[in-house]
Amino acid sequence: MSAVEAAVSALQAGGLIHLPTETVYGLGARADDPEAVIKVFEAKGRPRFNPLIVHVADTALAERIGVFDDRALALAKAFWPGPLTLVVPVRDAGLACDLARAGLDSVALRMPAHAMALDILRDFGGGVVAPSANRSGRPSPTTQADAFEETGAFVQASPDGGDCPVGVESTVVSLLNEARYLRAGAVTRQQVEAVIGSLAADEVEGHRSPGRLTLHYAPDAPVKINIDMPSAGAAYLAFGPAAHAGPVIQLSAGRDLHEAAANLFRALREADRLKPSVIEIAPIPDEGIGEAINDRIRRAAGFVG
Ligand code: TXA
Ligand code: MG
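Cut-offs applied
- Residues numbered from 1 in each chain as written.
- Chains lettered and ligands numbered in written order.
- Predicted model: local features only at pLDDT ≥ 70, side-chain atom pairs only at ≥ 80, totals over all residues.
- Heavy atoms only, no water.
- Axes fitted to C-alpha atoms, helices over the stretch in contact; angles between N-to-C directions.
- Helix = DSSP H or I, 4+ residues; strand = E, 2+ residues; numbered from the N terminus.
- Parallel < 35°, antiparallel > 145°, perpendicular 65-115°, else oblique.
- Left-handed = near helix turned anticlockwise from the far one by under 90°.
- Contact = heavy atoms within 4.5 Å.
- Nonpolar A, V, L, I, M, F, W, Y, C, P; charged D, E, K, R; others polar.
- Polar contact = N/O pair within 3.5 Å; in protein donor to acceptor, adjacent residues only side chain to side chain.
- Pairing = 2+ DSSP bridges.
- Buried < 20%, exposed > 50% of the residue type's maximum accessible area, 1.4 Å probe, protein only.

Section: the packing of helix α6 (residues 144–151) against helix α8 (residues 257–273)
- Viewed as axis vectors pointing N to C, α6 and α8 meet at an angle of 60 degrees, and their least axial separation amounts to 11 Å. Taken together, the axes of α6 and α8 lie oblique to each other. Crossing angle aside, the handedness with which α6 passes α8 is left-handed. The segment α6 lies against α8, with Asp146, Glu149 and Glu150 engaging Arg266, Arg269 and Arg273.
- A per-class count over the contact of α6 with α8 returns no nonpolar, no polar and six charged.

Details of the side chain of Arg299
- Looking at the secondary structure, you find Arg299 in helix α9 (residues 290–300).
- Of the polar contacts made by the side chain of Arg299, one reaches the side chain of Asp295; its length is 3.0 Å.

Description of the sheet that holds strand β3 (residues 53–55)
- Read from one edge of the open sheet, eight strands run β1-β2-β6-β3-β5-β4-β7-β8, paired in mixed fashion. In this open sheet, the two edge strands, each paired with only one partner strand, are β1 (17–19) and β8 (180–183).
- In this structure, β1 lies alongside strand β2 (residues 26–30), joined through three bridges in antiparallel fashion. Along β2, the bridge assignment pairs Leu19 with Gly26.
- Seen against the sheet, helix α1 (residues 3–12) touches β1, β2 and β6 (128–129) and runs at an angle of roughly 55 degrees to β2.
- Sheet strands in contact with helix α5 (residues 115–124) are β1, β2, β3 and β6, and its direction is about 125 degrees off that of β1.

Examining α5
- By the burial criterion, the buried members of α5 are Met116, Ala117, Leu118, Ile120, Leu121 and Phe124.
- Buried positions along α5 lie against α1, β1, β2, β3 and β6.
- With its phi angle positive at about 95 degrees, Gly125 sits one or two positions after the end of α5.

Here it is, written out as structure tokens:
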């Protein structure tokens with residue numbers, strides 16, 4: 001049996017899989033079966049009020065699960081397959097069960113840009129919930145080995161789809177009433193606005209994207225951000241040339257934000273394995289995908305939520 005076949009039959013049987021995607025590895029289960037979806041919450045230790053993203057192989061299935069208005073169709077056309085999740089009203093609640101949606105009358109949908117993920121989703125045929133495959137609160141896995149370390153004990157299949165090229169979770173845009181940018185990712189606010197016009201002003205985080213309430217992405221060691229001069233004993237995540245007597249883990253020697261995003265979670269894990277007294281992170285420009293990097297490291301440092 002191929003890795004894709006093993007993953008598909010695990011999904012069919014109501015089991016859990018690792019779903020490699022271009023952003024991070026997901027912990028997947030069939031979206032239409034509450035007994036399968038509950039295993040995702042249990043494996044992650046994830047609060048039940050935090051709804052999951054339903055992954056699809058094509059826009060046709062997405063439109064059966066959710067209601068796509070002109071804005072949703074335009075964004076799907078512009079960015080799917082890709083690292084953009086659309087929150088829309090649910091159309092067929094049987095295809096994305098109440099537990100997957102945490103009881104909301106909306107659903108989050110995404111078509112990932114990853115060949116193996118699309119093979120699995122196409123051959124399975126239905127929607128697949130997949131939060132990041134880490135235990136709740138920990139850094140997201142961007143390699144199969146990291147996914148296995150986090151939740152390998154819970155999955156029936158753990159296909160190796162290589163290292164995730166994007167490295168931070170998808171952008172989440174809500175299209176319920178006014179369009180809102182709920183979570184920063186590789187698809188920037190400006191890119192979304194270029195397609196559907198200006199987004200509503202941000203509201204207090206967490207109100208519409210319930211998962212944003214809790215501490216996230218945190219390694220064991222405390223994290224400090226915006227550090228130019230690392231302290232003795234720190235493991236330092238650098239962005240470009242750095243002078244530090246202790247361990248330096250480079251996010252991007254050439255100060256490339258996409259490279260830094262791809263390396264971010266792996267670097268946090270690597271730093272944590274050194275058991276430093278503190279992990280210090282260089283200032284990261286807040287432009288393009290840098291907004292997503294800063295969002296994740298602020299949460300890792302405990303500044304949000
Ligand atoms: O890149 C990604 O999106 C990865 C990969 C595996 O696809 N998945 C991922 O899933 O990050 P998760 O469950 O960790 O993040 C889902 C986010 C949470 O912030 C959640 O609150 C929000 O989407 N969300 C899901 N359904 C929602 C809804 N109906 N309304 C508002 N926010 C929703
Ligand atoms: Mg996550």
